[in-house]
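Descriptive analysis of the structure
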Amino acid sequence: QVQVVESGGGLVQPGGSLGLSCAASGFTLEYYTIGWFRQAPGKEREEVGCISSSDNSTYFRDSVKGRFTISRDNKKNTVYLQMSSLKPEDTAIYFCAARTTAYIAYARNQGDFGSWGQGTQVTVSS
């Protein structure tokens, strides 16, 4: 069964770092563009960044550029989101999702992603 599972969330102080994992089963992540998204209480879900299926190039929203990185470990069939210099406004449930079609690197919006995980909570607070 096609599935992705996020893990690694928790409580971290402002300025700290945290790494999240997106583990896939039932399909090979290597062939898909993978997106990371987050949703804070009372807010709409927003894209954090993504890693391309073609060349592993990455994109990030302006608010996390220079602080977040995305990488792949194909052996583990896992994509990672490394977060540093965390701010309280980074507090949210973080989701990963695969582009709906393999080998298509470009994604226009969240609607181009499927196979969403259940999310993992990240709380940045003193």
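Since this is a predicted model, take the numbers as computed values, not measurements. (Residues numbered from 1 in each chain as written. Predicted model: local features only at pLDDT ≥ 70, side-chain atom pairs only at ≥ 80, totals over all residues. Heavy atoms only, no water.)

Looking at the packing of aromatic side chains
Inspection of every chain in the model, using the stated rule, returns 4 aromatic pairs. Residues phenylalanine 27 and tyrosine 32 carry aromatic rings whose centres are separated by 5.2 Å and whose planes lie at 85 degrees to one another, so their mutual orientation is edge-to-face. By the burial criterion, phenylalanine 27 is buried, and tyrosine 32 matches it. Ring centres of tyrosine 31 and tyrosine 103 lie 5.4 Å apart, and the angle between their planes is 40 degrees; this geometry places the pair in the tilted category. Within this pair, whereas tyrosine 31 is found in the loop between strand E3 (18-25) and strand E4 (34-39), its partner tyrosine 103 is found in the loop between strand E9 (92-99) and strand E10 (113-114), the two being separated by 72 residues in sequence. These aromatic residues form a ring-pair network of at least three members: Phe37, Phe113 and Trp116. For arginine 45, the ring lying beneath its charged end belongs to tryptophan 116, and the centroid distance is 3.7 Å. (Phe/Tyr/Trp six-rings, centres within 6.5 Å; stacked < 30°, edge-to-face > 60°. Buried < 20%, exposed > 50% of the residue type's maximum accessible area, 1.4 Å probe, protein only. Helix = DSSP H or I, 4+ residues; strand = E, 2+ residues; numbered from the N terminus. Lys NZ or Arg CZ within 6 Å of the ring centre and 35° of its normal.)

Points about the environment of serine 21
One can find serine 21 in strand E3. Residues serine 21 and glycine 9, spaced 12 residues apart in sequence, show a C-alpha to C-alpha distance of 8.9 Å. With residues up to four places along the chain from it excluded, the contact list for serine 21 reads Val5, Glu6, Ser7, Trp36, Thr78, Val79 and Tyr80. (Contact = heavy atoms within 4.5 Å.)

Topic: the pairing of strand E11 (residues 120-124)
Of the two faces of E11, the one lined by Thr120, Val122 and Val124 is fully buried and the one lined by Gln121 and Thr123 carries no buried residue. Note: strand E2 (residues 10-12) against E11, 3 bridges, orientation parallel. Pairing of glycine 10 across the sheet is with valine 122, part of E11. Summarising the sheet, E9 and E11 pair through 3 bridges and their orientation is antiparallel. Each residue of the ladder has a partner; that of alanine 92, found in E11, is valine 122. (Pairing = 2+ DSSP bridges.)

A look at the state of the cysteines
Applying the stated criterion across every chain yields a total of 1 disulfide. Here cysteine 22 connects covalently by a disulfide to cysteine 96, the sulfurs 2.0 Å from one another. One disulfide, between cysteine 22 and cysteine 96, carries an S-S torsion of 75 degrees and so falls in the right-handed class. Note that cysteine 22 is positioned in strand E3 and cysteine 96 in strand E9, a separation of 74 residues in sequence. Side by side, cysteine 22 and cysteine 96 carry an identical accessibility label, which is buried. With no disulfide partner, cysteine 50 has as its closest neighbouring cysteine sulfur the one in cysteine 22, 13 Å distant. Assessed through its relative accessible area of 14%, cysteine 50 is described here as buried. (Disulfide = S-S within 2.5 Å.)

Read these as layout, nothing more, since geometry by itself doesn't imply function.
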